[in-house]
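# Structure at a glance
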Amino acid sequence: MPISRKSDLSDFRQVVAIIQSHLTKGSTPTFGPLSHKHVEYGIARLRADHQGEIIEPLAFLSVVRWLETQKDLCLEENLIHKLADETRGYAFEEVVILFLLRTFCRPMALNSVFKFHGTVPEWAGLETYTVGHINDKEVPVNILEDLPRNPSLGVVHYGNSIEDIIQWLKESPTSSVLVPSHLFGPDMIIKCYGGVLLMGQAKSYLDGNINELDAATVTKALKSLNSVNWFKATKV
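Residues numbered from 1 in each chain as written. Predicted model: local features only at pLDDT ≥ 70, side-chain atom pairs only at ≥ 80, totals over all residues. Heavy atoms only, no water.

The number of helices and strands found in the chain is 7 helices and 10 strands. Every one of the 236 residues in the chain was classed for burial, and the buried ones make up 38%. The long-range share in the chain, meaning contacts at least 24 apart out of those at least 6 apart in sequence, stands at 46%. (Helix = DSSP H or I, 4+ residues; strand = E, 2+ residues; numbered from the N terminus. Buried < 20%, exposed > 50% of the residue type's maximum accessible area, 1.4 Å probe, protein only. Contact = heavy atoms within 4.5 Å.)

Below, the structure written as structure tokens:
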């Protein structure tokens, strides 16, 4: 069915938002539910409960790549709108994830991306790149480059509980990026080659010293990255 951006603009933008959210946010592990319009557009199929579900990675990849050619519908444009409203904190997390995925789509030294404070560790010059797992083996993951690799692993996995996070870490196949619930310490975890895990928090402020965070914010962020504080509110 031909897409009419003029007559179905509202439905079409909803489709775009859902599709792009799986690249940086991991809204749901089943890519749904989607409306009947999304099924008509050919990117989803109906399940037995009459809800839509996107399960074909190559079709998903094709739509993603086409959207990236549309200036008003590309992922960057979507994030710009999000950064301008009240959800900018979450949008900034998506920007960081997108940046890391694109930066580490090929081997890159950690110290060429991150600034190390104090004593620089020996592994700072280590080159690594994003990976997923298939049959318990690390495989490169990248669906935004000209030569996409392993598109079925190119979406973000959302972990709501400790069990979800353990499953993402241990099971195969699994994607390269995990976005946990707000109860977890880190905002994101990204798998990289050689068993490297990039784990961090994204902080964005519109006023004050733009060059560095205040001491209280840094202290709180570092404490949240310590495993003894993970899911502390749930007493697990």
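With that settled, the discussion passes to the confidence of the model for the chain. Predicted coordinates in regions of low pLDDT should not be interpreted in detail. Counting all residues, the mean pLDDT for the chain is 76, and 75% of those residues have values of 70 or more. Contacts from residues 28-37, a stretch scored under 50 in pLDDT, to residues over four places away or in other chains number 21 contacts. (pLDDT = per-residue confidence, 0-100.)

What follows deals with the nonpolar core. In this structure, Ile19, Leu23 and Phe60 are the most contacted members of the largest nonpolar core, which totals 15 residues. Among the elements of the structure, α1 (9-24), α3 (57-67) and α4 (75-83) are those that each provide at least two residues to this core. Counting residues per element, this core draws most heavily on α1, at 5 residues. By size, the runner-up hydrophobic cluster in this structure holds 14 residues, among which are Leu100, Val179, Cys192 and Ala202. (Core = buried A, V, L, I, M, F, W, Y, C linked by side-chain atoms within 4.5 Å.)

Taking strand neighbours across the sheet as the criterion, the 4 strands line up as β7-β8-β9-β10 in an open arrangement whose pairing is mixed. One side of each edge strand has no neighbouring strand; the edge strands of this open sheet are β7 (157-159) and β10 (196-200). The average undirected angle you get between the axes of adjacent strands in this sheet is 20°. For strand β8 (residues 177-180) and strand β9 (residues 188-192), the ladder comprises 2 bridges, and the chain directions are antiparallel. Across the sheet, residue leucine 178 finds its bridge partner in β9, namely isoleucine 189. Strands β8 and β9 of the sheet are contacted by helix α5 (residues 88-103), whose axis makes an angle of about 5° with β9. (Pairing = 2+ DSSP bridges. Axes fitted to C-alpha atoms, helices over the stretch in contact; angles between N-to-C directions.)

As a further point, take the environment of leucine 67. Within the fold, leucine 67 resides in helix α3. With residues near it in sequence (within four places) discarded, leucine 67 still touches Val16, Ile19, Gln20, Leu73 and Cys74.

What follows concerns the pairing of β10. A one-sided burial pattern is seen for β10, the buried positions being Val196, Leu198 and Gly200 and the unburied ones Leu197 and Met199. As paired strands, β9 and β10 are joined by 5 bridges and run antiparallel to one another. Bridged to lysine 191 within β10 is leucine 197. Linking β9 to β10, which pair antiparallel, is a turn of 3 residues; within it glycine 194 sits at a positive phi near 85°.

Below, the discussion takes up a nonpolar patch on the surface. Taken together, the side chains of Leu213, Val218 and Leu222 define a hydrophobic patch exposed on the protein surface, amounting to about 240 Å² of accessible area. Within the fold, valine 218 resides in helix α7 (residues 215-225). The exposure class of valine 218 is partly exposed, given its relative accessible area of 34%. (Patch = residues over 30% accessible without salt bridge, like charges linked within 9 Å, V, L, I, M, F, W, Y side chains within 5 Å. Areas by Shrake-Rupley, 256 points an atom, 1.4 Å probe, with all protein chains shown as cover. Salt bridge = Lys/Arg side-chain N within 4 Å of Asp/Glu carboxyl O.)

This brings us to the pairing of strand β6 (residues 137-140). Direction of pairing for strand β5 (residues 131-134) relative to β6: antiparallel, over a ladder of 4 bridges. Counted as the bridge partner of glycine 132 is valine 139 from β6. Hairpin geometry of β5 and β6 is characterised by an intervening segment of 2 residues between the two adjacent antiparallel strands and by a positive phi of about 55° at asparagine 135.

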